[in-house]
Amino acid sequence: MTIGPAIMMKFCALLTKKYEVPTEASLNAIMVDGTGMCGACRVTVGGKTRFVCVEGPEFNAHEIDFDELMMRLKGAQ
């Protein structure tokens, strides 16, 4: 399980993937309304769009597009 800043979770996932360690990432920090209506928590997981607040917040860390997630978070600041 990895929880924390997106950049840390990205590198944790890269390391655990290298050693084939199953890893879940908790993305609860990007949720806004908790209903899936605002779209703020939209993230690509395994090539599909997911909404963290209604489909997560835990996902397979090896399938999360962390680069996309970090770009979206950068715009939110």
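Look above for the structure.
None of the values given here were measured: they were computed from a predicted structure.

Draft legend 1. Main features of the overall build of the chain. Helix and strand counts for the chain come out as 3 helices and 5 strands. Helices and strands in the chain line up, N terminus first, as β-α-β-β-β-α-β-α. Taken over the C-alpha trace, the chain has a radius of gyration of 12 Å; the compact-globule value for 77 residues is 11 Å, and the two agree within 12%. Every one of the 77 residues in the chain was classed for burial, and the buried ones make up 32%. Residue pairs at least 24 apart in sequence account for 50% of intrachain contacts in the chain once pairs closer than 6 positions are excluded. Put simply, the chain shows about 4,900 Å² of open surface, and 57% of that area lies on carbon and sulfur atoms. Once the 8 positive and 9 negative side-chain charges of the chain are each reduced to a mean point, those two points are 6 Å apart.

Draft legend 2. Representation of the side chain of Thr 44. Tracing the backbone shows Thr 44 in strand E3 (residues 42–45). Taking relative accessible area as the criterion, Thr 44 reaches 17% and is therefore assigned buried. A polar atom in the side chain of Thr 44 sits 2.6 Å from the side chain of Glu 68. Those residues in contact with Thr 44, other than ones at most four positions away along the chain, are Glu 63, Ile 64, Asp 65 and Glu 68.

Draft legend 3. Up close: the environment of Ala 25. Relative to the helices and strands, Ala 25 resides in strand E2 (residues 24–26). Among the residues examined, Ala 25 registers a relative accessible area of 0% and is labelled buried. As for Ala 25 and Gly 75, which are separated by 50 residues in sequence, their C-alpha atoms are 21 Å apart.

Draft legend 4. Summary view of the pairing of strand E4 (residues 48–51). Two elements, E3 and E4, share 4 bridges in a ladder whose sense is antiparallel. Bridge pairing in E4 links Val 43 to Arg 50. The antiparallel hairpin formed by E3 and E4 contains 2 residues in its connecting segment, where Gly 46 sits at a positive phi of about 60°.

Calculation rules
Residues numbered from 1 in each chain as written. Predicted model: local features only at pLDDT ≥ 70, side-chain atom pairs only at ≥ 80, totals over all residues. Heavy atoms only, no water. Helix = DSSP H or I, 4+ residues; strand = E, 2+ residues; numbered from the N terminus. Rg over C-alpha atoms; globule rule 2.2 N^0.38 Å. Buried < 20%, exposed > 50% of the residue type's maximum accessible area, 1.4 Å probe, protein only. Contact = heavy atoms within 4.5 Å. Areas by Shrake-Rupley, 256 points an atom, 1.4 Å probe, with all protein chains shown as cover. Lys, Arg positive; Asp, Glu negative; His and termini not counted. Charge placed at Lys NZ, Arg CZ, Asp CG, Glu CD. Polar contact = N/O pair within 3.5 Å; in protein donor to acceptor, adjacent residues only side chain to side chain. Pairing = 2+ DSSP bridges.

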